[in-house]
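Overview (structure and organization)
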Amino acid sequence: MPIFDISGDQLSAVEQRNFALEKDLQTLIERNLDTVFNCRFVASEFSTGAQHAGRIDTFALS
């Protein structure tokens, strides 16, 4: 299914892009959080601490 960009009353197809690594996509999103999600980047691979023993890939605040 194609994805479209909207500019006024015009649509244009957006080219699909594959990423070799998940980290490449994560970095792209982190660098554009404000544009995509209206959020401010805080940290990448944020530790949730010893109790939960996990991590948050991308931590951001709105």
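Along each chain, residue indices are assigned from 1 in the same order as the chain's sequence is written. Whole-chain, interface and lining totals are the exception, using all residues; otherwise, since this is a predicted model, local features are given only for residues with pLDDT of at least 70 and side-chain atom pairs are given and counted only at 80 or more. Each side-chain value is worked out from all heavy atoms of the structure, with water and hydrogens disregarded.

**Here we look at the overall build of the protein**
Put simply, the test is: The numbering of helices and of strands both runs from the N terminus, where a helix is a DSSP run of H or I of at least 4 residues and a strand a run of E of at least 2. Only C-alpha atoms enter the radius of gyration; for comparison, a globular chain is expected to reach 2.2 Å times N to the power 0.38, where N is the number of residues. Accessibility here uses a 1.4 Å probe with only protein chains present; expressed as a share of the type maximum, an area under 20% marks a residue as buried, one over 50% as exposed, and anything in between as partly exposed. In what follows, residue pairs with any heavy atoms lying within 4.5 Å of each other are defined as contacts. A positive count includes Lys and Arg, and a negative count includes Asp and Glu. His and the chain ends are not counted in either. Charge positions come from single atoms, namely NZ of Lys, CZ of Arg, CG of Asp or CD of Glu.
The helix and strand inventory of the protein stands at two helices and four strands. When the helices and strands of the protein are listed from N to C terminus, the series reads β-β-α-α-β-β. Whereas a compact globule of 62 residues would reach a radius of gyration of roughly 11 Å, the protein reaches 16 Å, over 25% beyond that. Each principal axis of the C-alpha atoms in the protein carries an extent, and together these give about 50 × 30 × 15 Å. The buried share of the protein, reckoned over its 62 residues, is 10%. Sequence-distant contacts, at least 24 apart, represent 14% of the contacts inside the protein between residues at least 6 apart. The distance from the centre of the 5 positive side-chain charges to the centre of the 9 negative ones in the protein is 9 Å.

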